[in-house]
Amino acid sequence: MDPPVAGEFSAYGLSHWIVLTVFVIGTVAVVLIGRRERSGVAPSVFGRAFGALTLGVYLVIYLSTMFPPTIGRSVPLRLTDLATIVAGLALLTRWRWAYALTYYWCLTLSTQALVSPALESPDFPHYEFLGFWAIHLLVVWAAIYLTWGVGMRPDWGSYGLAVGATVVWVAVTFVFNSLADTNYGFVNRKPSTPSLLDVLGPWPWYLATVAGLLIAVWALMTWPWVRARDRQK
């Protein structure tokens, strides 16, 4: 692997560590705010503002890919696109299906981007750097706020919904990538930057490995909440 070019973002360089520090501080903040407003199923003022901010940031970033539009950048087929939209909706409405997808997608796949970011961009304060981190921080914070702050919980129905939705997304994205020679979601090949996929085998076997891991991890993320609910009953 070639060394990073001067001025380019480098994983676990200074800017990355600053982002991770901001993530920790923001996590504590959203949990504390959420716990102060555990008042029911209706979204709070903070939740609605948080949701509007998330969708607004996504809209700005998406529109930026349209100048000029390209088939490899401008189609909203990345799981990050879908996760950001459902996270914004979950914050604005607290719909159960939107929360379910936010919980599973954002606490695993979006968190993975914090640990091994597939970001080929100039470093801070370039707009691509800011956009990448803004989206990934917001959606993970959304899942944490709704779960450990507000007190929403997944169940086995949520689990089945997330697995089914993800299977459909993989199938649709794979077909589109194959026809358009793109690589949305890294479904058709690994990213060019180092990532956790590098230790999961070559394509297409890493897809099966990731699927098995997600099914198991998501089940483990569901079982404690269901068990706790059953014991309370």
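A brief look at the structure comes next. (Residues numbered from 1 in each chain as written. Predicted model: local features only at pLDDT ≥ 70, side-chain atom pairs only at ≥ 80, totals over all residues. Heavy atoms only, no water.)

1. Comments concerning helix α7 (residues 205–232)
Within an α-helix, residues lying three or four positions from one another point in the same direction, as the helix has 3.6 residues per turn.
Alright, step 1. Between its terminal C-alpha atoms α7 stretches 42 Å, which fits the 40 Å expected from 28 residues at 1.5 Å a residue.
Alright, step 2. Taken together, the buried positions of α7 are occupied by Tyr 206, Leu 214, Trp 218, Ala 219, Met 221, Thr 222, Trp 225 and Val 226.
Alright, step 3. Against α4 (96–115), α5 (127–150) and α6 (156–180) lie the buried residues of α7. (Helix = DSSP H or I, 4+ residues; strand = E, 2+ residues; numbered from the N terminus. Expected span 1.5 Å × (residues − 1). Buried < 20%, exposed > 50% of the residue type's maximum accessible area, 1.4 Å probe, protein only. Contact = heavy atoms within 4.5 Å.)

2. What about the environment of Pro 191?
Alright, step 1. Mapped onto the elements of the fold, Pro 191 is located in the loop between α6 and α7.
Alright, step 2. Measuring from C-alpha to C-alpha, the distance between Pro 191 and Ala 118 comes to 6.7 Å, with 73 residues separating the pair along the chain.

3. Concerning the packing of helix α2 (residues 45–64) against helix α3 (residues 79–93)
A pair of packed helices can be characterised by two numbers: the angle between their axes and the separation between those axes.
Alright, step 1. Packing of α2 against α3 leaves a shortest axis separation of 7 Å and a crossing angle of 155°. By the criterion of interaxial angle, the relationship of α2 to α3 is roughly antiparallel. Two packed elements cross with a definite hand, and for α2 against α3 that hand is left-handed. Along its contact with α2, which presents Gly 47, Arg 48, Phe 50, Gly 51, Ala 52, Thr 54, Leu 55 and Tyr 58, the element α3 presents Asp 81, Thr 84, Ile 85, Gly 88, Leu 91 and Leu 92. (Axes fitted to C-alpha atoms, helices over the stretch in contact; angles between N-to-C directions. Parallel < 35°, antiparallel > 145°, perpendicular 65-115°, else oblique. Left-handed = near helix turned anticlockwise from the far one by under 90°.)

4. Things to note about the pattern of salt bridges
Alright, step 1. Considering all chains together, one arrives at 1 salt bridge under this definition.
Alright, step 2. Note that Asp 81 is salt-bridged to Arg 78, the shortest N-O span being 4.0 Å. (Salt bridge = Lys/Arg side-chain N within 4 Å of Asp/Glu carboxyl O.)

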